[in-house]
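Coordinates in review
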Amino acid sequence: MNFIIYKILFIAKDNFTNIIRSVVSSFGILFLISFFVIYISLRDSVTSYVKGNLFDNLASDEIKILPKNTKEIEFVKRPGSRAIPLSTANTIRKMPDFISVHGVSRIGFTLRVEGEMLGKTKRMYVPVCGVDRDFLKTRTNKWRSFTNRRPVPIIAPKFSIDMLNNYFAMDNIDPIPESELIGFPLTLTFATGARNTEERKTYDFEAEVHSFTDVINIPGVIVPTDFLKEIAQKYYAENRKSAGMEYAVLFAKVKDVDKLPQTVEELKKLGLNIQSQKDVTEKTSKAMRIIDSFSLGVIAIFFLLTSISIFNSYLTIVYIRSKKFSLKRILGYSKLRILFGFIFESACVGALYGLAGYFTGNMIIRYFSVKIPQFLPSLSSITIAESGTDTLFLCIVISSAVSAVSALIPAIFASNINLFKAVRR
Amino acid sequence: MLLSVENINLKFGKRIILNNVSFKADTGKIIAITGKSGCGKTTLLGIVSGLLNPDSGKVFYNNKNILRWGDFRKSHFRNKEIGFVFQFFNLMPDMSSYQNIIFPALIRLFPRNVKKELNSLVEYLNIKDIINHYPTTLSGGERQRVAIARAIINKPKMILADEPTGNLDNTTAEDIKNLFIKLKKEENMSLIIVTHDKRLVEIADEHLHLENGILKKQSKQKDTKKIKAVKTVKKK
Ligand SMILES: Nc1ncnc2c1ncn2[C@@H]1O[C@H](COP(=O)(O)OP(=O)(O)OP(=O)(O)O)[C@@H](O)[C@H]1O
Ligand SMILES: [Mg+2]
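Quick caveat: nothing in here was measured; it's all calculated off a predicted structure. (Residues numbered from 1 in each chain as written. Chains lettered and ligands numbered in written order. Predicted model: local features only at pLDDT ≥ 70, side-chain atom pairs only at ≥ 80, totals over all residues. Heavy atoms only, no water.)

**With respect to the overall build of chain A**
On a plain count of helices and strands, chain A comes out with 13 helices and twelve strands. Here chain A, with 425 residues, has 45% of them falling under the buried criterion. When the accessible surface of chain A is split by element, carbon and sulfur atoms take 61% of a total near 22300 Å². (Helix = DSSP H or I, 4+ residues; strand = E, 2+ residues; numbered from the N terminus. Buried < 20%, exposed > 50% of the residue type's maximum accessible area, 1.4 Å probe, protein only. Areas by Shrake-Rupley, 256 points an atom, 1.4 Å probe, with all protein chains shown as cover.)

Okay, structure coming up:
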């Protein structure tokens, strides 16, 4: 019995020393696998970014209408921002082609948000945009209650929770979880014109936190469009001046998908930029294709280089160990056993590198997920997550397979070594 | 009959190495094969052990044609039925004498416990003191005794030896010769010895000579004369 254990230990030791020797020669797999890990998580994050982006997710009978020469939605009004004027929006609404038209609206007012916590008041100027409740309603249940009421419901970006809690921490207040912040009372102050001038008009409203979101990429707050309209009307009634209401984007549902091309043509005549589901998917799949073809290219090069180097070094190993292999054959090893021994060895080395490559790749991701937004702010909303255990498993399998396949031909050589020649000297 | 080799033909390229070679070997018998360097003696051993395939012919072991077997069966046959001894010993340099000796026993899927055999072999071959040494630290004679221990650890019925004394001094070669006689008499093994060494030819029950691919039986008397003649020529 313990002789069998001795055999196992003996074989283990024999393989172990060989594996150590092969480790150096297979170093290239590390690059292959770590790049693979980066590729997988990059792809995942882009996919989930596109999928999770509320405004990029169009149904087949929906179109996205943007101002001329604009590709992305500008939630915040900046100097020089392009917009769809209210009049154009009304023209579109009156077109018989559409079942419904909703949008993201902006107003030419600044907004100051004020909140009170334990007797301390905080004031903050934030960007604001309006979203039609009907638009949100069709996309998520949670926002059904997002109507123009008092207190005014506002939707804030998720990151503002951390921001608030940082403020609280400065005043020695314990962090407050998201659920408890919902319903938190706020005061909204809309103002137009420069401070201390005749033109300065302010409007105060009671408001409350409706919910937090990370699917809308806005560094401010969202209120119902109807609420913005109400302010604009009030301002007009009092001053006979426009409040600067406009749309950053409109989403329109068509009655007849077959007529979509004509409708799009008509809208283009109005000087608008139209995107359909096809355009959006084309855009994203184009991005995917670029990522895919670039990554696959790099992976292919790494693969080629590693397998050549593994192949080469195993061939050398076969040559160096040819005497041993042929001796084993003479003493009773079958060809298959030598073949398997060799492949097992390279697979073990591959698995080792799969593991190492996985961790290296994740380390690189960890480093760059912090750095990327600093270099490329436009990518800041993409969160690159480290890959999970399923990728680890995949890495080990792929790496072992690459290594084993590269070692296959040398292994066949090893099992077929001209025995009597090899042991003669 | 333990081994019966029948009408073996083998060419390497256009060169005929073995031309209709036949011979028999029985248990408890020693067969010596002589021939010029490069005439095909080692090749013949390769065929007998199933490591090389001839162009035609048959090799019967216990009345079974081993050339028809698959690689697994041939490998098992080599492991169980044949012990190899070489001129240059061919020990694994990264294994101790002990590991080298039990190596053939470990090859089997469920290895037998060979401790007992090993102990008696160690006595038998007088290698007790060097059992834990590595081959590079051993003398030629010691290495060859370890190699012989390895060859017989699985109690094979047949020993194939390729110039076993070719690299040893006179006294050591004498020891090995006596060991072969012992294996023949006490273990009833069949030994096929490829050699130039006249002492080994002398102890053989049968002497075969390979020349130009043809294997011929030599009468024992002729042998001794021939070898003596060679010796006298050399002396001059
Ligand atoms: N695989 C092979 N391919 C071609 N030629 C071979 C092959 N193996 C052996 N030979 C040739 O066949 C001949 C016989 O070789 P072998 O090793 O059997 O000779 P030998 O009688 O054992 O010689 P020595 O006494 O020097 O050991 C040699 O000329 C050798 O070069
Ligand atoms: Mg030879």
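Next, the rest of the story.
**A look at the overall build of chain B**
Per the secondary structure count, chain B includes eight helices and ten strands. Sorting the 236 residues of chain B into buried and exposed places 56% on the buried side. Long-range contacts, defined as pairs at least 24 residues apart, comprise 69% of the intrachain contacts of chain B with a sequence gap of at least 6. (Contact = heavy atoms within 4.5 Å.)

**Brief notes about the pattern of salt bridges**
Residues and elements named next belong to chain A. Within the structure shown, the criterion is met by 16 salt bridges over all chains. For Arg-43, the salt bridge is made with Asp-292, and the minimal N-O distance between the two is 2.8 Å. With Arg-43 in helix α2 (residues 28-52) and Asp-292 in helix α9 (residues 277-320), the pair connects residues that are 249 residues apart, well separated along the chain. Residue class for Arg-43 comes out partly exposed when judged on its relative accessible area of 28%. Put simply, Glu-114 and Arg-112 hold a salt bridge, and the shortest N to O gap is 3.4 Å. (Salt bridge = Lys/Arg side-chain N within 4 Å of Asp/Glu carboxyl O.)

**A short note on the sheet that holds strand β6 (residues 82-86) of chain B**
Residues and elements named next belong to chain B. Across the sheet, six strands lie side by side as β6-β7-β8-β3-β9-β10; this open sheet has mixed pairing. The sheet is open, and its two edges are formed by β6 and β10 (214-218), each paired on a single side. Each neighbouring strand pair of the sheet contributes to a mean axis angle of 20°, computed without reference to strand direction. Where strand β9 (residues 206-211) and β10 come together, five bridges link them in antiparallel fashion. Within the sheet, the bridge partner assigned to His-207 lies in β10 and is Gln-218. Of the strands in this sheet, β6 and β7 (158-162) are in contact with helix α2 (residues 71-81), which crosses β6 at around 75°. The sheet strands contacting helix α5 (residues 140-152) are β6 and β7, and the helix crosses β6 at an angle near 165°. (Pairing = 2+ DSSP bridges. Axes fitted to C-alpha atoms, helices over the stretch in contact; angles between N-to-C directions.)

**Some thoughts on helix α12 (residues 389-415) of chain A**
For α12(A), spanning 27 residues, the distance from its first C-alpha to its last is 36 Å, which sits close to the expected 39 Å at 1.5 Å a residue. Helix geometry: α12(A) is bent most strongly at A:Leu408, by close to 45°, with proline A:Pro410 lying one to four residues after it. (Expected span 1.5 Å × (residues − 1). Bend = angle between axes of the 7 residues up to and from the residue.)

**Here's the deal with the pairing of strand β6 (residues 128-131) of chain A**
Residues and elements named next belong to chain A. Side chains Val-128 and Gly-130 of β6 all project onto a buried face; the interleaved residues Cys-129 and Val-131 project onto the opposite face, where all are buried too. Strand direction decides the pairing type here: strand β3 (residues 98-106) and β6, joined by two bridges, are antiparallel. Each bridged residue has a counterpart across the sheet, and for Val-104 the counterpart in β6 is Val-131.

**Some remarks on the interface of chain A and chain B**
With 25 residues of chain A at the interface, the matching set in chain B holds 33 residues. Buried surface at the junction of chain A and chain B, both sides included, amounts to about 2900 Å², of which 67% is carbon and sulfur. Put simply, chain A and chain B have two salt bridges between them. Between B:Asp94 and A:Lys324 there is a salt bridge, with its nearest N and O atoms 2.7 Å apart. Joining chain A to chain B, the criterion identifies eight residue pairs in polar contact (both at pLDDT 80 or more). Those elements giving two or more residues to the side of chain A that touches chain B turn out to be α1 (2-25), α10 (322-331), α11 (335-375) and α13 (419-422) of chain A. (Buried area = accessible area lost by both parts, 1.4 Å probe. Polar contact = N/O pair within 3.5 Å; in protein donor to acceptor, adjacent residues only side chain to side chain.)

**Section: the sheet that holds strand β4 (residues 56-61) of chain B**
Strand pairing within a sheet occurs via backbone hydrogen bonds; the two strands may be parallel or antiparallel. Residues and elements named next belong to chain B. Sheet architecture is open: four strands sit in the order β2-β1-β4-β5, paired in antiparallel fashion. With one partner strand each, in any of the chains shown, β2 (15-25) and β5 (64-65) form the two edges of the open sheet. Of the strand pairs in this sheet, strand β1 (residues 3-12) and β2 are connected by seven bridges, and their pairing is antiparallel. Note that in β2 the partner of Lys-11 across the bridge is Ile-16. In this fold helix α1 (residues 41-48) packs onto β1, β2 and β4, with an angle of close to 125° to the strand it touches most, β1.

**Some remarks on the nonpolar core**
Counting 121 residues, the largest nonpolar core has B:Leu3, B:Leu18, B:Phe23, B:Ile148, B:Met158, B:Phe180 and B:Ile192 as its most contacted members. Take this core: its biggest share by element is ten residues, from α2(A). When neighbours within four sequence positions are excluded, B:Leu18 is seen to be in contact with B:Ile8, B:Asn9, B:Leu10, B:Gly40, B:Leu44, B:Ile47, B:Leu210 and B:Gly213. Grouped together as the second largest cluster of nonpolar side chains are 32 residues, A:Ile154, A:Ile161, A:Ile231 and A:Tyr235 included. (Core = buried A, V, L, I, M, F, W, Y, C linked by side-chain atoms within 4.5 Å.)

**Here's the deal with the pairing of strand β8 (residues 190-194) of chain B**
Residues and elements named next belong to chain B. With five of its five residues buried, β8 lies for the most part within the structure. Of the two faces of β8, the one holding Ser-190, Ile-192 and Val-194 and the one holding Leu-191 and Ile-193 are both buried throughout. Strand direction decides the pairing type here: strand β3 (residues 30-35) and β8, joined by four bridges, are parallel. Note that in β8 the partner of Ile-30 across the bridge is Leu-191. Tracing the backbone out of β7, into helix α6 (residues 170-187) and back to the parallel element β8 gives a crossover that is right-handed. (Right-handed = clockwise from strand over helix to strand, strands pointing away.)

**A word on a nonpolar patch on the surface**
On the surface, a cluster of nonpolar side chains totalling about 330 Å² of accessible area is made up of A:Leu408, A:Ile409, A:Ile412 and A:Phe413. You can see A:Ile409 is positioned in helix α12. (Patch = residues over 30% accessible without salt bridge, like charges linked within 9 Å, V, L, I, M, F, W, Y side chains within 5 Å.)

**Considering the confidence of the model for chain A**
Across chain A, pLDDT averages 81, with 89% of residues at or above 70. Across chain A, the element-wise mean pLDDT spans from 56 in α13(A) up to 89 in strand β10 (residues 221-224) of chain A. (pLDDT = per-residue confidence, 0-100.)

**Here's the deal with the packing of aromatic side chains**
This structure, assessed with the given rule, holds 16 aromatic pairs over all chains. Both rings, one in A:Phe109 and one in A:Tyr235, keep their centres 5.2 Å apart while their planes meet at 80°; by these two values the pair is edge-to-face. Of this pair, A:Phe109 sits in the loop between β3 and β4 (110-117) while A:Tyr235 sits in helix α7 (residues 225-239); the two residues are 126 residues apart in sequence, bridging distant segments of the chain. Note on B:Trp69 and B:Phe77: the rings are 5.5 Å apart at their centroids and 80° apart in plane angle, and the pair reads as edge-to-face. The same class applies to B:Trp69 as to B:Phe77, namely buried. Taken together, the ring pairs connect A:Phe27, A:Phe31, A:Phe35, A:Phe302 and A:Tyr353 into an aromatic cluster. (Phe/Tyr/Trp six-rings, centres within 6.5 Å; stacked < 30°, edge-to-face > 60°.)

**Points about the environment of B:Asp55**
Residue and element names in this part refer to chain B. Within the secondary structure, Asp-55 is located in the loop between α1 and β4. Sequence-wise, Asp-55 and Phe-12 are 43 residues apart; in three dimensions their C-alpha atoms are separated by 9.7 Å. Engagement of the side chain of Asp-55 in a polar contact is seen with the backbone nitrogen of Lys-11, the distance being 2.8 Å.

**Quick look at the side chain of A:Ser334**
Looking at where A:Ser334 falls in the secondary structure, it is placed in the loop between α10 and α11. Residue A:Ser334 is classed as buried on the basis of its relative accessible area, which comes to 5%.

**Things to note about the packing of helix α3 (residues 97-106) of chain B against α5(B)**
All names here are of chain B. Two elements in contact, α3 and α5, have axes separated by 6 Å at closest approach and are oriented at 30°. Classed by the angle they form, the pair α3 and α5 counts as roughly parallel. With respect to the hand of their crossing, α3 and α5 are arranged in right-handed fashion. Residues Ser-97, Asn-100, Ile-101 and Pro-104 of α3 form the contact with α5, whose own contacting residues are Val-146, Ala-149 and Arg-150. Per-class residue counts for the contact of α3 with α5 are four nonpolar, two polar and one charged. (Parallel < 35°, antiparallel > 145°, perpendicular 65-115°, else oblique. Left-handed = near helix turned anticlockwise from the far one by under 90°. Nonpolar A, V, L, I, M, F, W, Y, C, P; charged D, E, K, R; others polar.)

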